[in-house]
Amino acid sequence: QVQLVESGGGLVQAGGSLRLSCAASGRTFSNYAMGWFRQAPGKEREFVAAISQSGGSTNYADSVKGRFTISRDNVKNTVWLQMNSLKPEDTAVYYCAAAFTGGIFQYMRREYDYWGQGTQVTVSS
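What comes next concerns the included structure.

Calculation criteria
- Residues numbered from 1 in each chain as written.
- Predicted model: local features only at pLDDT ≥ 70, side-chain atom pairs only at ≥ 80, totals over all residues.
- Heavy atoms only, no water.
- Helix = DSSP H or I, 4+ residues; strand = E, 2+ residues; numbered from the N terminus.
- Contact = heavy atoms within 4.5 Å.
- Areas by Shrake-Rupley, 256 points an atom, 1.4 Å probe, with all protein chains shown as cover.
- Lys, Arg positive; Asp, Glu negative; His and termini not counted.
- Charge placed at Lys NZ, Arg CZ, Asp CG, Glu CD.
- Disulfide = S-S within 2.5 Å.
- Buried < 20%, exposed > 50% of the residue type's maximum accessible area, 1.4 Å probe, protein only.
- Salt bridge = Lys/Arg side-chain N within 4 Å of Asp/Glu carboxyl O.
- Core = buried A, V, L, I, M, F, W, Y, C linked by side-chain atoms within 4.5 Å.
- Pairing = 2+ DSSP bridges.

Secondary structure assignment for the protein chain yields zero helices and eleven strands. Order of helices (α) and strands (β) in the protein chain, N terminus to C terminus: β-β-β-β-β-β-β-β-β-β-β. The principal-axis extent of the C-alpha atoms belonging to the protein chain is close to 40 × 25 × 25 Å. Long-range contacts, defined as pairs at least 24 residues apart, comprise 59% of the intrachain contacts of the protein chain with a sequence gap of at least 6. Surface accessibility of the protein chain: about 6200 Å² in total, with carbon and sulfur atoms responsible for 48%. Each charge class in the protein chain was averaged separately, 12 positive and 9 negative side chains, and the resulting centres sit 3 Å apart.

The subject of this paragraph is the state of the cysteines. In total, this model carries one disulfide according to the counting rule given. Disulfide pairing places Cys22 opposite Cys96 at an S-S distance of 1.9 Å. Because the torsion about its S-S bond is 45°, the bridge between Cys22 and Cys96 counts as right-handed. Placement of Cys22 in strand β3 (residues 18-26) and of Cys96 in strand β9 (residues 92-99) is noted, with a sequence separation of 74 residues between them. Judged on exposure class, the residue Cys22 and its partner Cys96 are both buried.

Our next topic: the pattern of salt bridges. Applying the stated criterion across every chain, the model contains four salt bridges. Ionic pairing is found between Lys65 and Asp62, a salt bridge with its closest N-O pair at 3.1 Å. Of the charged contacts in the structure, one is a salt bridge between Asp90 and Arg67, with a shortest N-O distance of 2.7 Å. Note that Asp90 is positioned in the loop between β8 (78-83) and β9 and Arg67 in the loop between β6 (58-60) and β7 (68-73), a separation of 23 residues in sequence. In this structure Asp90 comes out as buried when scored by relative accessible area, which is 0%. Through salt bridges that share partners, Arg38, Glu46, Arg67 and Asp90 make up one connected network.

Of all hydrophobic cores here, the largest spans 38 residues; its most connected members are Leu4, Met34, Trp36, Leu81, Met83 and Tyr94. Secondary structure elements with two or more residues in this core: β1 (2-7), β3, β4 (33-39), β5 (46-51), β7, β8, β9 and β11 (119-124). Residue contributions to this core peak at six residues, all from β9.

What follows covers the pairing of β9. With seven of eight residues buried, β9 lies mostly within the body of the structure. Pairing of β9 with β11, which is carried by three bridges, proceeds in the antiparallel orientation. Looking across to β11, one finds that Ala92 is bridged to Val121. Bridge count for β9 against strand β10 (residues 114-115) is two bridges, and the pairing is antiparallel. Its bridge partner lying in β10, Ala98 is registered against Tyr114.

Shape descriptors only; they carry no functional weight alone.
See the structure below:
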């Protein structure tokens, strides 16, 4: 079992920045590829970014490429999502997720084994 706890969400103006954190506990964190997803009201949960077990490879949704950066520290058992140049359409609940198998090109909820409870990000125009 892996427990994931997100933090760092909040209200920010368009053009601003936020840094989300996801702290993991339980099984060996470095065995898991990690991903960030988001879900806006009335919409499906969508893939945002993923990072490989070592942190050496990353993947981003086109909508956030160049603005968001995913990173991890396998000693601190933490994954981050740095979000810059935020837009109102980035408003959503953001979730981190852990996948024991597969890699960074997993875009479906069912491909991840564990999920956090989510943190709200609201971008005002």
